[in-house]
Amino acid sequence: MTQAVRTGARAPATDRFTLARLLRAREAGVFIALLVMCLFLSFATDGFLTSLNLLNVGRQVSLLGIMAVGMTFVLIAGEVDLSVGSTYALSGLATGMLIIAGWALLPAICAGLLTGIVIGLINGMLSTYGRLPSLIATLGMLSIVRGAALILTNGQPVTVNARNGALPDVLASFGFMGQGYLFSVIPMQLVFFVIVAALAWLVLSFSNFGFRVYAVGGSAKAARVSGISVNKVKISAFILMGVLAAFAGILGLAFLPSSQAGRTGLGLELDVIAATIVGGASLSGGEGTILGTILGVLIIGVMRNGLVLMGVSPFVQELMIGLVIIIAVGIDKWSTRRTG
Amino acid sequence: MTEQQTPAPIVEISGLTKRFPGVLALDRISVAFRPGEVHAVIGENGAGKSTLMNILAGDLQPDGGEIRIDGKPATVPSPLASRAAGITVVYQELALCPTLSIAENIMMSDMAARSVVSLVPRDEMRRQARAALTRLGMGTLDPDTKVSRLSVAEMQLVEIAGAIRQRARVLVLDEPNSALSKRESDRLFDIVKQLRAEGVTVIYVSHHLKEVLDLADRITVMRDGRTIETMDNDGLSEDRLIRAMVGRELDTTAQWSLQPQARSHEAPVVLSVEKLTAPGLDEVSFHARAGEILGIGGLPDSGKDMLGEALFGLCGREGRVTIDGKELRGGDPQASLRNGMALVPADRRGAGALLTMSVANNVVSASLPRFSMAGFMRRGAVRREARAQVARLDARISHLGQKLGTLSGGNQQKIILGRSLVTNPRVLVLHEPTRGVDVGAKAEIYAILRGIAGEGVAVVMISSEIPELIMNAERVLVLRNGRVSGELTGAGINEEAILARAMAS
């Protein structure tokens, strides 16, 4: 905080919508970084700036993006959810096993989503009424849910195909969800991501519930004395996260119809949190936007894609992703230190 | 006001009791708040004021007794119920979302009352917030400004604006001006008077007796969880209030009147500061002699609040600071400690105290090398030293292993003082030595400081409380705009002289 503000001088009262303000927005930095990256790749590689490749990037980031949207709610509410990778695995496996057992598509998907709801509810209850820090509660759930998936499948891979008992029309629709294209061009996964992100943006920016999420994360006390039920809001955020992780897991299985409880979605929670944080959400709550999260997800997706196109080894990719996280969040912190 | 005209109380409390583990925080207290009055509640720390306000706010539930609102028995089971009854508490630690805008904060209760699936009415929020701000004379503030960008005073006013918007009939201000400058508190008082004129009951919790006397219609004194008496503010004096608060006479002027100064006049200069320049400070020069208490006064933005940190080396600086002729390197608190300077910072919780550690560990934490051997703590020596300091400072603790955070403000301050003394300082710098400390403990701390000075230590007391300077300092330096604007000695030290040098432009 500057000296002037501390001593009571007024911040400029004309905080209008100007270019300067636009550039000051948290998303601006991430957007510029993404732009620079895209420009660089357009010149450095032949394959980057093609509609096919860009749509491919879109598909690749969709599942991560759907989960990051949920994580945005959780982080803004001042909590964190480490169990999403396990939820991703369990929900996909549950849906897959039910399809193999001959269930129709919709009930099987609903059952998969239900596992996400239950996990989110448990996470939320433990972190609020259970008074556990969500870091601890969801760390426990990470293991519990993974364990449940292993027990459920006895550690064996689950492959969704007709030979294993899936009904042909169910199999076709399920496959379309994961592998299909809308109008033969747009990957269905990307369509789902866009729908989820758009709905989430509307809820977070314009609805009373979205307001409450920001209020609860900004100051739980202020929210409480205003009459907002802090616990309900947090539990809702966890449930939303659970549902979206489950949905991503189901889509993941639809894309790659074989899954193994011991491997699917392992460590995914860290990618999700990283993308959300790069997009400007704060681990201390109260800050973050869907737009920022989308940009964060895209940065990681474009980066992975670009490194592959440039023929960089996957080991170096991993290292670069880590650098991006530190630099992206660092730029934010270092610049606020200077100005705020 | 005659009996017949006395209006029926809006909130009436009778026999209210609240027990915490091991403490009876409220012991059958009774008090009535009337519509349209400013009702001050005063008392030492731990008297039960905060507990009472938390019960009114719905944050705590009483164990017994009755609350009547508008004459009808009522319960306040939640903050929401409290606000629904027209009661709003503006806390000392503000209940605002720093990440949200002014408008969003002011309208938060409205939002909570609406359906969770409704839309956020941005324009209406902005309009309503602007109206509420205008009513407080803050119409120039943009309702879209993030609260984190406001000054503490503005934040407080935003919270009050939120309260007014909800048509609060009872507004509780808990230590509202501990963070405000003179001008800002004047503004607050105008607002309080305006609200009273509009029929709002203002419950005003404060340590500042002068303000209470200026502002309040009636004053309730609390002590040890009881309401001692409620007085009409008619010909009351500060002495009268202090008497009620401490339950005994406490002569604030005679007891600590100035001592002969001849001795320290001739004593050698220990601390010498030449052209000290640091954030908020501009070529400040002064010296302090062995055995003297040097007071430093000034307004909140005068630079005095930076002086302690700059002297101790917590921030970068230019200029020379020497102790016994030896120059201290800037930006190196370790060197300051080694060379005989100790600092008792103003922000006890943030900077001074290890609240989660024991009393004994706090006492030795600034002199670890002396109390360790081959990397291990010498527990016996630690306990001996801690016991000696606790006894010397008359700190009231249950045992040496007690966590510092569980002590009262006054006792915490004594332990922090003890920690400084263990370093055997030649110069002891204190910043707001009695902030958040109750009246009784204040007097004890003053006596301790005099004792320390008597042993030949140069004591530099930086304080916003002018009476504190007058009572204790043999010499007072007044800062303004980062520079020394005056030096007062002996009989020249009085409130008018200090204020004149602090405020004149």
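Everything numeric here is computed off the predicted structure, so don't read it as measured data. Throughout this document, residue positions are counted from 1 along each chain, in the order its sequence is written. Chains and ligands are labelled sequentially in the order written, the chains with letters from A and the ligands with numbers from 1. Reporting of local features is limited, given that this is a predicted model, to residues whose pLDDT is at least 70; pairs of side-chain atoms are given and counted only at 80 or more, and all residues count toward the totals for whole chains, interfaces and linings.

## Concerning the overall build of chain B
(1) Moving on: Per the secondary structure count, chain B includes 19 helices and 22 strands.
(2) Moving on: As a reference, a globule follows 2.2 Å times the number of residues to the power 0.38, and the radius of gyration itself is taken over C-alpha atoms. Expected size for 505 residues packed as a compact globule is a radius of gyration near 23 Å; at 25 Å, chain B falls within 12% of this value.
(3) Moving on: A principal-axis box enclosing the C-alpha atoms of chain B has dimensions of 70 × 50 × 50 Å.
(4) Moving on: Burial analysis of chain B (505 residues in total) assigns 47% to the buried set.
(5) Moving on: Whether two residues are in contact is decided by their C-beta atoms, placed from the backbone, lying within 7 Å. Residue pairs at least 24 apart in sequence account for 67% of intrachain contacts in chain B once pairs closer than 6 positions are excluded. Only runs of H or I of at least four residues qualify as helices and only runs of E of at least two qualify as strands under DSSP, and these elements are numbered from the N terminus. Counts of 20 or more other C-beta atoms within 10 Å of a residue's own C-beta define buried residues, counts of 12 or fewer define exposed ones, and intermediate counts define partly exposed ones; C-beta atoms are placed from the backbone.

## Notes on the overall build of chain A
(1) Moving on: Along its length, chain A carries 15 helices and four strands.
(2) Moving on: Its C-alpha atoms give chain A a radius of gyration of 21 Å, near enough to 20 Å, the size a compact globule of 340 residues would have.
(3) Moving on: In chain A, which comprises 340 residues, the share counted as buried stands at 50%.
(4) Moving on: In chain A, the share of contacts with a sequence separation of at least 24, taken over all contacts with a separation of at least 6, comes to 77%.

## What about the sheet that holds strand S13 (residues 293-298) of chain B?
All names here are of chain B.
(1) Moving on: Taken together, six strands build an open sheet; the order of strands is S16-S19-S20-S13-S21-S22 and the sheet is mixed. Edge positions in the sheet fall to strand S16 (341-344) and strand S22 (483-489), since each of these pairs with one other strand and no more. This sheet shows a mean twist of 20° between the axes of neighbouring strands, independent of strand direction.
(2) Moving on: Pairing between two strands is assigned when DSSP locates at least 2 bridges connecting them. Of the pairings in the sheet, the one linking S16 to strand S19 (residues 427-431) comprises four bridges and is parallel in character. Along S19, the bridge assignment pairs Val 344 with Leu 430. Between N-to-C directions, angles cover 0 to 180 degrees, with each direction set by a line fitted to C-alpha atoms, over the stretch in contact for helices.

## Observations regarding the interface of chain A and chain B
(1) Moving on: On the side of chain B, 33 residues touch chain A, which itself brings 28 residues to the contact.
(2) Moving on: At seven residues, helix H10 (residues 208-218) of chain A tops the list of elements feeding residues into the side of chain A that touches chain B.

## Focus on the environment of Ala 32 of chain B
All names here are of chain B.
(1) Moving on: Looking at the element boundaries, Ala 32 is found in strand S2 (residues 23-33).
(2) Moving on: Judged by local crowding, Ala 32 falls into the partly exposed class, with 18 C-beta atoms found within 10 Å.
(3) Moving on: Contact partners of Ala 32, with chain neighbours within four places excluded, come to Pro 9 and Glu 12.

## A word on the nonpolar core
(1) Moving on: Each nonpolar core consists of buried Ala, Val, Leu, Ile, Met, Phe, Trp, Tyr and Cys residues. Their C-beta atoms, within 7 Å, join them into a set. Formed by 176 residues in total, the largest nonpolar core has its most connected members in Met 67 and Leu 244 of chain A.
(2) Moving on: Broken down by element, this core gets its largest block of residues, 18 residues, from helix H12 (residues 230-255) of chain A.
(3) Moving on: With sequence-adjacent residues up to four places away left out, Met 67 of chain A is seen in contact with Val 84, Leu 244, Ala 245, Ala 248 and Val 272 of chain A.
(4) Moving on: With 72 residues, the next largest nonpolar core counts Leu 281, Val 390, Val 429 and Val 459 of chain B among its residues.

## Regarding the packing of helix H4 (residues 51-76) of chain A against H12 of chain A
Each pair of packed helices can be summarised by the angle the axes make with each other and by the distance between the axes.
All names here are of chain A.
(1) Moving on: Packing of H4 against H12 leaves a shortest axis separation of 8 Å and a crossing angle of 175°. For the element pair H4 / H12, the angle class is roughly antiparallel. Counting all contacts with H4, which are made through Leu 63, Ile 66, Met 67, Val 69, Gly 70, Met 71, Phe 73 and Val 74, the residues of H12 involved are Ala 237, Phe 238, Leu 240, Met 241, Leu 244, Ala 245, Phe 247, Ala 248, Leu 251 and Gly 252.
(2) Moving on: Each residue is assigned to one of three groups, with Ala, Val, Leu, Ile, Met, Phe, Trp, Tyr, Cys and Pro labelled nonpolar, Asp, Glu, Lys and Arg labelled charged, and all others, Gly among them, labelled polar. Broken down by class, the residue content of the contact of H4 with H12 amounts to 16 nonpolar, two polar and no charged. Each angle is binned into one of four classes, with values under 35 degrees roughly parallel, values over 145 roughly antiparallel, values of 65 to 115 roughly perpendicular, and all other values oblique.

## Regarding unusual backbone geometry
All names here are of chain A.
(1) Moving on: The phi dihedral of Asn 154 is positive, around 55°, even though this residue is not glycine.
(2) Moving on: Relative to the elements of secondary structure, Asn 154 occurs in the loop between helix H7 (134-153) and strand S1 (158-159).
(3) Moving on: The class for Asn 154 is exposed, based on 7 C-beta atoms found within 10 Å.

## What about the confidence of the model for chain A?
(1) Moving on: Confidence in the prediction of chain A, expressed as mean pLDDT, is 86, and 90% of residues score 70 or more.
(2) Moving on: pLDDT expresses how confident the predictor is about each individual residue, on a scale running from 0 to 100. A low-confidence stretch, residues 1-16 of chain A (pLDDT under 50), is modelled with 24 contacts involving residues beyond four sequence positions or located in other chains.

## Concerning the pairing of S19 of chain B
It is a general feature of regular strands that their side chains alternate between the two faces of the sheet.
All names here are of chain B.
(1) Moving on: Buried residues dominate S19, accounting for five of its five residues.
(2) Moving on: The alternating pattern of S19 places Val 427, Val 429 and His 431 on one face and Leu 428 and Leu 430 on the opposite face, and all of these are buried.
(3) Moving on: With five bridges connecting them, S19 and strand S20 (residues 458-462) associate as parallel partners. In the strand pairing of S20, Val 429 is matched with Val 460.
(4) Moving on: Consider the strands pointing away from the viewer: the crossover is right-handed when the path from the first strand over the helix to the second runs clockwise. Remark: the S19/helix H17 (residues 439-454)/S20 crossover connection has right-handed handedness.

## Thoughts on the packing of H4 of chain A against helix H9 (residues 188-206) of chain A
All names here are of chain A.
(1) Moving on: Axis separation between H4 and H9 bottoms out at 8 Å; the angle between their running directions is 40°. Classified by the interaxial angle, the pair formed by H4 and H9 is oblique. Regarding H4 and H9, the two cross each other, and that crossing is left-handed. Contacts from Leu 55, Gly 58, Arg 59, Ser 62, Leu 63, Gly 65, Ile 66 and Val 69 of H4 reach H9 at Gln 189, Leu 190, Phe 192, Phe 193, Val 196, Ala 197 and Ala 200.
(2) Moving on: When its residues are assigned to classes, the contact of H4 with H9 shows 10 nonpolar, four polar and one charged. By the definition used in this description, the sense in which the near helix is turned from the far one sets the handedness, with an anticlockwise turn below a right angle giving left-handed and a clockwise turn giving right-handed.

## Some words on the sheet that holds strand S9 (residues 218-223) of chain B
Hydrogen bonding along the main chain pairs the strands of a sheet, whether they run parallel or antiparallel.
Residues and elements named next belong to chain B.
(1) Moving on: Here we have six strands laid out as an open sheet, ordered S6-S7-S8-S3-S9-S10, and mixed in their pairing. A strand with exactly one partner marks an edge of an open sheet, and here the two such strands are strand S6 (87-90) and strand S10 (226-232). Strand-to-strand, the axes of this sheet are offset by a mean angle of 20°, without reference to chain direction.
(2) Moving on: Here four bridges tie strand S3 (residues 38-42) to strand S8 (residues 201-205), and the two strands are oriented parallel to one another. Paired with Ala 40 across the strands is Tyr 204, a residue of S8.
(3) Moving on: The strands touched by helix H6 (residues 152-165) within the sheet are S6 and strand S7 (170-174), with S6 carrying the most contacts at an inclination of about 175°.
(4) Moving on: Strand contacts of helix H7 (residues 182-197): S3, S7 and S8, with the helix running at about 145° to S8, the strand carrying the most contacts.

## So, helix H14 (residues 290-309) of chain A
Residues and elements named next belong to chain A.
(1) Moving on: Each residue after the first adds 1.5 Å to the expected span of a helix. Compared with an ideal rise of 1.5 Å per residue, which puts 20 residues at 28 Å, H14 spans 28 Å between its outermost C-alpha atoms and is within 8% of the ideal.
(2) Moving on: Summarising burial for H14: 17 of the 20 residues are buried, a large majority.
(3) Moving on: Backbone geometry just downstream of H14 places Gly 311 in the positive-phi region, at approximately 75°.

## Topic: the pairing of S10 of chain B
All names here are of chain B.
(1) Moving on: Here six bridges tie S9 to S10, and the two strands are oriented antiparallel to one another. Among the inter-strand pairings, Thr 220 is bridged to a residue of S10, identified as Thr 230.
(2) Moving on: Between the antiparallel neighbours S9 and S10 lie two residues, among them Asp 224 with a positive phi of about 50°.

## Topic: the environment of Leu 213 of chain B
(1) Moving on: The residue Leu 213 of chain B is located in helix H8 (residues 209-215) in this model.
(2) Moving on: Among all residues touching Leu 213 of chain B, those that are not within four sequence positions of it are Asn 233, Leu 236 and Glu 238 of chain B.

## A closer look at helix H8 (residues 168-179) of chain A
Residues and elements named next belong to chain A.
(1) Moving on: The end-to-end C-alpha separation of H8 is 16 Å, in line with the 16 Å expected for 12 residues at 1.5 Å each.
(2) Moving on: Among the residues of H8, those classed as buried are Val 170, Phe 174 and Gly 178. Down the axis, H8 shows its buried residues gathered within 60° of arc, on one side only. Exposed and oriented more than 90 degrees from the buried face of H8 are Pro 168 and Asp 169.
(3) Moving on: Residues of H8 that are buried in the fold lie against helix H5 (84-100), helix H6 (105-127), H9 and H12. Arc definition: it is the arc formed by the directions from the helix axis to the C-beta atoms.

## Some thoughts on the confidence of the model for chain B
Residues and elements named next belong to chain B.
(1) Moving on: Mean pLDDT for chain B: 82, with 90% of residues reaching 70 or above.
(2) Moving on: Predicted confidence for residues 249-262 stays below pLDDT 50, and this span has 11 contacts to residues more than four positions away or in other chains.
(3) Moving on: In the predicted assembly, ipTM is 0.78 and pTM is 0.73.

## A few points about the environment of Leu 404 of chain B
Residues and elements named next belong to chain B.
(1) Moving on: Secondary-structure assignment places Leu 404 in the loop between helix H15 (379-393) and helix H16 (409-422).
(2) Moving on: Its 23 C-beta neighbours within 10 Å are what place Leu 404 among the buried residues.
(3) Moving on: C-alpha separation for the pair Leu 404 and Arg 419, spaced 15 residues apart in sequence, amounts to 12 Å.
(4) Moving on: Once residues within four sequence positions are removed from consideration, Leu 404 is found in contact with Ala 353, Leu 354, Leu 355, Met 357, Val 359, Asn 362, Gln 412 and Ile 415.

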